[in-house]
Amino acid sequence: MSKPAARTRLADAAFALFDERGYEQTTVDDIAERAGVGRTTFFRHYRSKEDVIFPDHDRLLEQIKDRLATSSHETALAAVSDAVRLVLLHYLEEGDLARRRYRLTSKVAALRDREIASVARYQRLFREFIANWMGDSTESASLRAELMAASVVAAHNHVLRRWLRGESPDPVAEVDEAMREVLALFRGPQSRPEIRDGGTTVVAFRTGQDLDALLPALRRLVEGEPGDA
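Residues numbered from 1 in each chain as written. Predicted model: local features only at pLDDT ≥ 70, side-chain atom pairs only at ≥ 80, totals over all residues. Heavy atoms only, no water.

A.B. asks: Help me understand the confidence of the model for the protein in this model?
C.D. replies: For the protein, per-residue confidence averages 86 on the pLDDT scale, and residues scoring 70 or more make up 80% of the total. Mean pLDDT across the elements of the protein ranges from a minimum in helix 11 (residues 211–223), with 55, to a maximum in helix 2 (residues 28–35), with 97. Predicted confidence for residues 189–196 stays below pLDDT 50, and this span has seven contacts to residues more than four positions away or in other chains. (pLDDT = per-residue confidence, 0-100. Helix = DSSP H or I, 4+ residues; strand = E, 2+ residues; numbered from the N terminus. Contact = heavy atoms within 4.5 Å.)

So, in C-alpha cells, the structure goes:
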C-alpha cells in the first residue's frame, strides 16, 4: 500500500497532536516530526500551523470567481447557488477532517477569529458580484447587495454546521433548498414593478358571481366604459 502524500500526513499529524497536546502547545517541528518529514517539507505545503487547519480558501475563492464569471445576467442567481454548492461539496469531500476542524475552532479563539475573517472574504466576493449584476450604484442598491450576500453566506453556513454536527443526512439537498429560500427573499432588478402609460391592469380577487356574468363587467372596466355601480 502506497504511503499517503506528505501534505496528508502533515494534516493528520497536526490534528492528532492538537488533540493530544492542545493547539497552543503544538509546534511546527512537532508536526513535521510526527509526519516523518523535515521543516522544509512542512513549509513547502503550509505557511504556518494555522494553514494546516483551514481549507485552501484562496483556491476555493478562485473557483467561485470562475463559476460566477461564466454566468450571464439571466443566470447570475443560478451561478450564485452553484458557487455555494461548490464550497459545501469541498467540505463534504474533506469528511472527518472538516469535523475535526470544527471541533478545534470551537475551542480556540484565535482560530475562530481567522474563520470569521475567511467568511468575510466569501461574503465580499458575493456582494461585489451581486452589486455588479444589479447594475445600480445607489446606496439602497448597495445595501440590498450586502443583505443578499450576507443571506447567501448564512444559508451555506447554517447547512454546513448542521452537517458538521451530524444533523443533516442530505446537506446538498438542504443547501439547494436553503438557496431557494434566500433567492425568494430578493427580487431581481428586472422584477421591480414599473408604472407605464397604457396597457392592461388585471386584479385577481374572489367573488360569488358566475364567471359568465362577471366577464362583461370586467371588460367594461378594462376598456374604461361606464357600468353599473
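A.B. asks: Sorry, what's going on with the packing of helix 7 (residues 96–107) against helix 9 (residues 139–164) here?
C.D. replies: Working note: a packed helix pair is described by the angle between its axes plus the distance between those axes. At a minimum axis separation of 10 Å, helix 7 and helix 9 run at an interaxial angle of 100 degrees. Regarding the angle of helix 7 to helix 9, the classification is roughly perpendicular. Residues Ala98, Arg99 and Tyr102 of helix 7 touch helix 9, and the partners they reach there are Arg161, Trp163 and Leu164. Split by residue class, the contact of helix 7 with helix 9 holds four nonpolar, no polar and two charged. (Axes fitted to C-alpha atoms, helices over the stretch in contact; angles between N-to-C directions. Parallel < 35°, antiparallel > 145°, perpendicular 65-115°, else oblique. Nonpolar A, V, L, I, M, F, W, Y, C, P; charged D, E, K, R; others polar.)

A.B. asks: Sorry if this is basic, but what is going on with the pattern of salt bridges here?
C.D. replies: Any two side chains of opposite charge can pair, on the condition that their charged atoms come close. This structure, assessed with the given rule, holds 18 salt bridges. Between aspartate 82 and arginine 85 there is a salt bridge, with its nearest N and O atoms 2.9 Å apart. Taken together, the residues aspartate 82 and arginine 85, both in helix 6 (residues 76–94) and three residues apart, mark about one turn of the helix. What makes aspartate 82 partly exposed here is its relative accessible area of 25%. Since its relative accessible area comes to 24%, arginine 85 is described here as partly exposed. Linked through salt bridges whose partners overlap, the residues forming this network are Arg47, Glu50, Asp51 and Arg114. (Salt bridge = Lys/Arg side-chain N within 4 Å of Asp/Glu carboxyl O. Buried < 20%, exposed > 50% of the residue type's maximum accessible area, 1.4 Å probe, protein only.)

A.B. asks: Teacher, can you tell me more about the nonpolar core here?
C.D. replies: A general tendency of soluble globular proteins is for nonpolar side chains to be buried together. In this structure, Ile64, Leu68, Val80, Phe126, Ile130, Trp133 and Val152 are the most contacted members of the largest nonpolar core, which totals 37 residues. Broken down by element, the residue count for this core peaks at eleven residues, all from helix 9. Apart from the residues lying within four places of it in its own chain, the contact partners of isoleucine 130 are Ala145, Met148 and Ala149. Formed by 22 residues, the second largest nonpolar core is a distinct cluster that contains Leu17, Tyr23, Val28 and Ile31. (Core = buried A, V, L, I, M, F, W, Y, C linked by side-chain atoms within 4.5 Å.)

A.B. asks: What's the story with the side chain of threonine 26 in this structure? I'm lost.
C.D. replies: Along the chain, threonine 26 falls in the loop between helix 1 (6–21) and helix 2. Reaching out from threonine 26, the side chain makes a polar contact with the backbone oxygen of glycine 22 at a distance of 2.9 Å. Leave out the neighbours within four places in its chain, and threonine 26 touches Leu17, Phe18, Arg21, Ile31 and Lys49. (Polar contact = N/O pair within 3.5 Å; in protein donor to acceptor, adjacent residues only side chain to side chain.)

A.B. asks: Honestly, the environment of aspartate 51 in this entry has me stumped. Any pointers?
C.D. replies: Locating aspartate 51 in the fold gives a position in helix 4 (residues 49–53). A C-alpha to C-alpha distance of 9.5 Å links aspartate 51 and alanine 11, two positions 40 residues apart in sequence. Every residue in contact with aspartate 51, bar those within four places of it in the chain, is listed here: Tyr46 and Arg114. Of note is the side chain of aspartate 51, whose polar atom sits 3.0 Å from the side chain of arginine 47.

A.B. asks: What's the story with the packing of aromatic side chains in this structure? I'm lost.
C.D. replies: Two measures describe an aromatic ring pair: the distance that separates the ring centres and the angle between the ring planes. All told, the structure shown has four aromatic pairs when counted by the stated rule. An angle of 80 degrees between the planes, with centres 5.2 Å apart, marks the rings of phenylalanine 42 and phenylalanine 43 as edge-to-face. On the basis of relative accessibility, which here comes to 38%, the residue phenylalanine 43 falls in the partly exposed class. Positioned above the aromatic ring of tyrosine 23, the side-chain terminus of lysine 49 is 4.3 Å from the ring centre. One Lys or Arg, arginine 99, reaches over the ring of tryptophan 163 and ends 4.1 Å from the middle of that ring. (Phe/Tyr/Trp six-rings, centres within 6.5 Å; stacked < 30°, edge-to-face > 60°. Lys NZ or Arg CZ within 6 Å of the ring centre and 35° of its normal.)

A.B. asks: What is the right way to look at helix 2 in this model?
C.D. replies: What sets the pattern is the α-helix's 3.6 residues per turn: residues three or four places apart point alike. When we look at burial in helix 2, the residues that qualify are Val28, Asp30, Ile31, Ala32 and Ala35. Buried residues in helix 2 make contact with helix 1, helix 3 (39–45) and helix 4. Glycine 36 sits one or two positions beyond helix 2 and adopts a positive phi of about 75 degrees.

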